[in-house]
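# Fold and geometry: a report
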Amino acid sequence: MTLRRTAFFMATIAIAALFSGCGFHLRGEAQLPPGMERVYVDSSDPFGPLKRNLEKALERSGAKIETKSGDGIAEVKLGAVSLAPVVRSVSVNARVNEFTMLYHVELSITDASGKVLLPKQVVEKSRIFTFDQTQAIGTGAEQDEIKKEMERDMVQVVLRKVESVERKAKT
């Protein structure tokens, strides 16, 4: 029993050494560009989960979230936010077999001085799932879980866009 634990411990150390040697590290929180210490998030869905979760993520990255836009405040604008199922295929009985969940956001970013860091662009994510008539209750729960995952993913996409603005400005 002790030999197994020792072998497991040694294997764990070896794997950790391999990962550290190759430069692998966890991504961590987004590094915000200068001029984004104070941020206002403007969304077409002001009470939606994307705005709320993005504000929390920006706070974790060191930004102070403001309730209004103004001088000295950067702005992340989330226009045309929508998350909707789109029918992909229908059976011979005219019943839906497959959906695509499509998350659509129009994103633009300005810094505290009013300079446009990221002009308006469309960001979309999609997930395909099948609809089983015999599992209708489970499919609703699956759809809810897919929506939650897509909301988390979209927050990460927007954060990476914010983070990449600084790299683009340097080049």
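Counting restarts for each chain: residues are numbered from 1 in the order of the written sequence. With pLDDT at 70 or above as the cut-off, local features in this predicted model cover only qualifying residues; side-chain atom pairs require 80 or more to be listed or tallied, and sums for whole chains, interfaces and linings still use all residues. Computation of side-chain values covers all heavy atoms of the structure but excludes hydrogens and water.

Okay, the overall build of the protein chain next. Working definition: helices are DSSP H or I runs of at least four residues, strands are E runs of at least two. Numbering for both runs from the N terminus. Secondary structure assignment for the protein chain yields three helices and five strands. Sequence-ordered secondary structure for the protein chain, helices as α and strands as β, is α-β-α-β-β-β-β-α. Here the term buried applies to any residue with accessible area under 20% of the maximum for its type, exposed to any over 50%, and partly exposed to those in between, with areas from a 1.4 Å probe on protein chains only. Counting the 171 residues in the protein chain, one finds 32% classified as buried. For this analysis, residues touch if any pair of their heavy atoms sits within 4.5 Å. Counting only contacts in the protein chain whose residues sit at least 6 apart along the sequence, the fraction spanning at least 24 positions is 66%. What sets the accessible areas is the Shrake-Rupley method with a 1.4 Å probe; for residues, cover comes only from the shown protein chains. For the protein chain, the computed accessible surface area is about 11,000 Å², with 56% contributed by carbon and sulfur atoms.

Residues grouped as a nonpolar core are buried Ala, Val, Leu, Ile, Met, Phe, Trp, Tyr and Cys residues, joined through side-chain atoms within 4.5 Å. Counting residues in hydrophobic clusters, the biggest one holds 32 residues, and the most contacted among them are Met-36, Val-39, Leu-54, Leu-58, Val-76 and Leu-78. Among the elements of the structure, β1 (38-43), α2 (49-60), β3 (74-90), β4 (96-110), β5 (116-130) and α3 (136-170) are those that each provide at least two residues to this core. Residues in contact with Val-39, not counting those within four places in the same chain, are Leu-58, Ala-63, Lys-64, Ile-65, Glu-66, Ile-73, Ala-74 and Val-76.

Moving on, we get to the sheet that holds β4. For two strands to pair, DSSP has to find at least two bridges joining them. Judged by pairing direction, the sheet is mixed, and its five strands sit side by side in the order β2-β1-β3-β4-β5 without closing on themselves. At either margin of the open sheet sits one strand with a lone partner, and together these are β2 (64-65) and β5. Relative to β2, β1 is paired through two bridges, and the arrangement is parallel. Note that in β2 the partner of Val-39 across the bridge is Ile-65. Of the strands in this sheet, β1, β2, β3 and β4 touch α2, which is tilted by about 170° from β1. With axes taken as lines fitted to C-alpha atoms, and helix axes fitted only over the stretch in contact, angles between N-to-C directions fall between 0 and 180 degrees.

What follows is about the side chain of Glu-163. Among the secondary structure elements, Glu-163 is positioned in helix α3. Within polar-contact distance, the side chain of Glu-163 engages the side chain of Arg-160 at 2.9 Å. Residues adjacent in sequence count toward polar contacts only when both atoms are side-chain atoms; beyond that, a polar contact is any pair of N or O atoms within 3.5 Å, and within protein one must be able to donate a hydrogen and the other to accept it.

Positive phi values are uncommon outside glycine, yet Ala-80 reaches one of about 50°. Mapped onto the elements of the fold, Ala-80 is located in strand β3.

This next bit is on the pairing of β5. Bridging between β4 and β5 involves twelve bridges; their strand directions are antiparallel. The residue bridging His-104 from the neighbouring strand is Glu-124, located in β5. Hairpin connection from β4 to β5: five residues lie between these consecutive antiparallel strands, with Gly-114 at a positive phi of about 95°.

Another point: the pairing of β1. Crossovers are marked right-handed if the path from the first strand over the helix to the second runs clockwise, as seen with the strands pointing away from the viewer. In this region the chain leaves β1, passes through α2 and returns to the parallel neighbour β2; the handedness of that crossover is right-handed. As defined by bridge partners, β1 adjoins β3 across five bridges and the pair is classed as parallel. Directly across from Val-41, in β3, lies its bridge partner Val-76.

A few words now on the side chain of Glu-66. Tracing the backbone through its elements, the reader meets Glu-66 in the loop between β2 and β3. Within the structure, the side chain of Glu-66 is placed 3.0 Å from the side chain of Arg-38, a separation counted as a polar contact.

A few words on the pattern of salt bridges. Criterion for a salt bridge: a side-chain nitrogen of Lys or Arg within 4 Å of a carboxyl oxygen of Asp or Glu. Within this structure, the stated rule accounts for nine salt bridges. Arg-127 is the salt-bridge partner of Asp-153, the closest N and O atoms lying 2.4 Å from each other. A residue pair is termed long-range when its members are at least 10 positions apart, and Asp-153 in helix α3 and Arg-127 in strand β5 qualify at 26 residues. Under the relative-accessibility criterion, Asp-153 is labelled partly exposed at 26%.

Here Glu-124 shows up in strand β5. Polar side-chain contacts of Glu-124 include one of 2.8 Å to the side chain of His-104.

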